[in-house]
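Letter by letter, the chains look like this.
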Amino acid sequence: MMLAAYETLGFFGRDPWWLVLLKAVFVFAFLVLTVLIAIVWERKVVAWMQLRIGPNRHGPWGLLQSLADGVKLALKEDLVVKNADKAVYILAPIVSAIPAFMAFAVIPFGPANDEVSIFGTRTPLQLTDLPIALLYILATASVGIYGIVLAGWSSGSTYPLLGGIRSSAQMISYEIAMGLAFAAVFIYSGSMSTSEIVAAQQPTWFAVLLPVSFIVYIIAMVGETNRAPFDLPEAEGELVGGFNTEYSSLKFAMFMLAEYVNMVTVSAVASTLFLGGWRAPWPISTFWAGANHGWWPMLWIIIKIQLLLFFFIWLRGTLPRLRYDQFMKLGWKILIPVSLVWLVMVASVRALRNEGYDFANVVLYVGAPLGAVLLIALVVDLMRRKPEEKPEEDGAFDPMAGGYPVPPLPGQELPPVPRRRSRAPQLQDALNGADHSEGS
């Protein structure tokens, strides 16, 4: 497997300088164009979910809305906070935006050994590849988070600082789970090269072989990109605007560009690691032999990226923002322990398969200890569970006991609200008396 990886990497590093520059320009243009499309698509899809029309003024069907937003941001006044650390304040949007573009350099748009012709030169549909390509992606993603942290710290304001601190906590919490999901892919594919990982997903995608890693990565990528319901660093209901509160004009636009480019990048990484990358989906690949050759692989990976972007939009239009304690609990108490247990199980299965054990013995040797651990954990949890405390019956619940109204706890009931006695019977008696007097 390692020999095959080095053979795949041998297809890179042979392009002339003008072709490398052309590929870099294509990657930049592809990301910017995808961001412009994603902004309009997000506003249209969310409007459709909320039974609204959405943008429909700029261009046909409002398709030029994101371009109009960019022009508007460029023409706005560029403000610099008086108490800000100006050097870091100006550098932070750049630090946030550039790594988002850099991570896309190792995403394969086609097979490395099936080269296409560009102006008469045979080349793979990928800018470059590395033996540690996924570590490169993790490193660039971490550097991009520093832009948000520096923006919050350098603004000289309280709410941006809180947003920056939240972002650093998010980075630590969810990159651990993301790295553990990557590790399972490393073990199963035997390589960290993106082109080799895609080649290893034949005939079955890793989303089927490693479903827990796929789910953990999908959750972690939403937290990594600060998107709803994990957009706590920019929670407008709590932090005004979060880390970018004191930014305007093009500096604010660079933060928005970095967020959407990161969405495209993590979607491309998910497609590469778990959804077969540039490979055609199952029904197409069975009857069309040329689906994975030539320029067609670029179409399949773009479709997968767009579907994952729709997943981002769907989450934003469906789920409310989590509380911060819920967000940290999900990362530290659920995703990381589940990823660790799953990684141990994947490593054990691969080791047993490499030793020549058949499937039944692998299930017995791995599944039985795992089932025993889960059973013991369930019993311990049941024994530690405290009995439900019954509410005190001698005293009634007073919502104003602390000087301000508080809601009742589970099991407590609000006292009945004192109401004025109904005057309907008195009014009826008065009307009856008036009728008798008129009749007499």
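This text gives an overview of the structure that appears in the document. No experiment lies behind these values; they were computed from the predicted model shown. (Residues numbered from 1 in each chain as written. Predicted model: local features only at pLDDT ≥ 70, side-chain atom pairs only at ≥ 80, totals over all residues. Heavy atoms only, no water.)

1. Digging into the overall build of the chain
A count of helices and strands for the chain gives 16 helices and two strands. Taken across its 440 residues, the chain has 41% of its residues classed as buried. (Helix = DSSP H or I, 4+ residues; strand = E, 2+ residues; numbered from the N terminus. Buried < 20%, exposed > 50% of the residue type's maximum accessible area, 1.4 Å probe, protein only.)

2. What to know about the nonpolar core
By size, the foremost hydrophobic cluster in this structure holds 67 residues, and its most contacted members are Leu31, Phe104, Phe182, Tyr217 and Met221. Setting aside chain neighbours within four positions, we find Met221 in contact with Met178, Val266, Ala270, Leu308, Phe311 and Phe312. By size, the runner-up hydrophobic cluster in this structure holds nine residues, among which are Ala84, Ile148, Phe243 and Phe255. (Core = buried A, V, L, I, M, F, W, Y, C linked by side-chain atoms within 4.5 Å. Contact = heavy atoms within 4.5 Å.)

3. Considerations on the pattern of salt bridges
This model, assessed by the stated rule, comprises eight salt bridges. Its salt-bridge partner being Glu42, residue Arg227 comes within 2.5 Å of it at the nearest N-O pair. Here Arg227, found in the loop between α9 (211–224) and α10 (236–239), pairs with Glu42, found in helix α2 (residues 17–49); they are 185 residues apart in sequence, far enough to count as distant. Looking at Arg227, the relative accessible area reads 2%, which means it is buried. A residue is classified by how much of its surface remains accessible, and Glu42, at 4% relative accessible area, is buried. Ionic pairing is found between Asp78 and Lys251, a salt bridge with its closest N-O pair at 2.4 Å. Of this pair, Asp78 sits in the loop between α3 (65–75) and α4 (86–102) while Lys251 sits in helix α11 (residues 249–274); the two residues are 173 residues apart in sequence, bridging distant segments of the chain. With relative accessibility at 45%, the residue Asp78 sits in the partly exposed group. Among the residues examined, Lys251 registers a relative accessible area of 9% and is labelled buried. (Salt bridge = Lys/Arg side-chain N within 4 Å of Asp/Glu carboxyl O.)

4. A look at unusual backbone geometry
Omega for the bond connecting Gln202 with Pro203 falls within 30 degrees of zero, at 10 degrees, which places this linkage in the cis form. Along the chain, Pro203 falls in the loop between α7 (194–200) and α8 (206–209). The phi torsion at Leu51 lies on the positive side, around 60 degrees, for a residue other than glycine. Secondary-structure assignment places Leu51 in the loop between α2 and α3. By relative accessible area, Leu51 is classed as exposed at 80%. Even without being a glycine, Ser249 presents a positive backbone phi close to 55 degrees.

5. Notes on α9
Its 14 residues place the ends of α9 20 Å apart at the C-alpha level, agreeing with the 20 Å of an ideal helix rising 1.5 Å per residue. The complete set of buried residues in α9 reads Ser213, Val216, Tyr217, Ile218, Ala220, Met221, Val222, Gly223 and Glu224. Of the surrounding elements, those touching the buried residues of α9 are α5 (133–154), α6 (158–189), α11, α13 (296–318) and α14 (324–354). Trailing α9 by a residue or two, Asn226 shows a phi angle of about 60 degrees, which is positive. (Expected span 1.5 Å × (residues − 1).)

6. Description of the packing of aromatic side chains
Considering all chains together, one arrives at 24 aromatic pairs under this definition. A ring pair is formed by Trp296 and Trp300, whose centres lie 6.5 Å apart and whose planes are at 25 degrees; its orientation type is stacked. Note that Trp296 and Trp300 are positioned in helix α13 at a spacing of four residues, about one turn of the helix. Taking relative accessible area as the criterion, Trp296 reaches 42% and is therefore assigned partly exposed. (Phe/Tyr/Trp six-rings, centres within 6.5 Å; stacked < 30°, edge-to-face > 60°.)

7. Side note on the packing of α2 against α13
Two elements in contact, α2 and α13, have axes separated by 10 Å at closest approach and are oriented at 40 degrees. Classified by the angle between their axes, α2 and α13 sit oblique to one another. By crossing handedness, the relation of α2 to α13 is classed as right-handed. On α13, the residues that touch Phe26, Phe30, Thr34, Ala38, Trp41, Glu42, Val45, Val46 and Met49 of α2 are Met298, Ile302, Gln306, Leu309, Phe310, Ile313, Trp314, Arg316 and Gly317. Residue composition of the contact of α2 with α13, by class: 13 nonpolar, three polar and two charged. (Axes fitted to C-alpha atoms, helices over the stretch in contact; angles between N-to-C directions. Parallel < 35°, antiparallel > 145°, perpendicular 65-115°, else oblique. Left-handed = near helix turned anticlockwise from the far one by under 90°. Nonpolar A, V, L, I, M, F, W, Y, C, P; charged D, E, K, R; others polar.)

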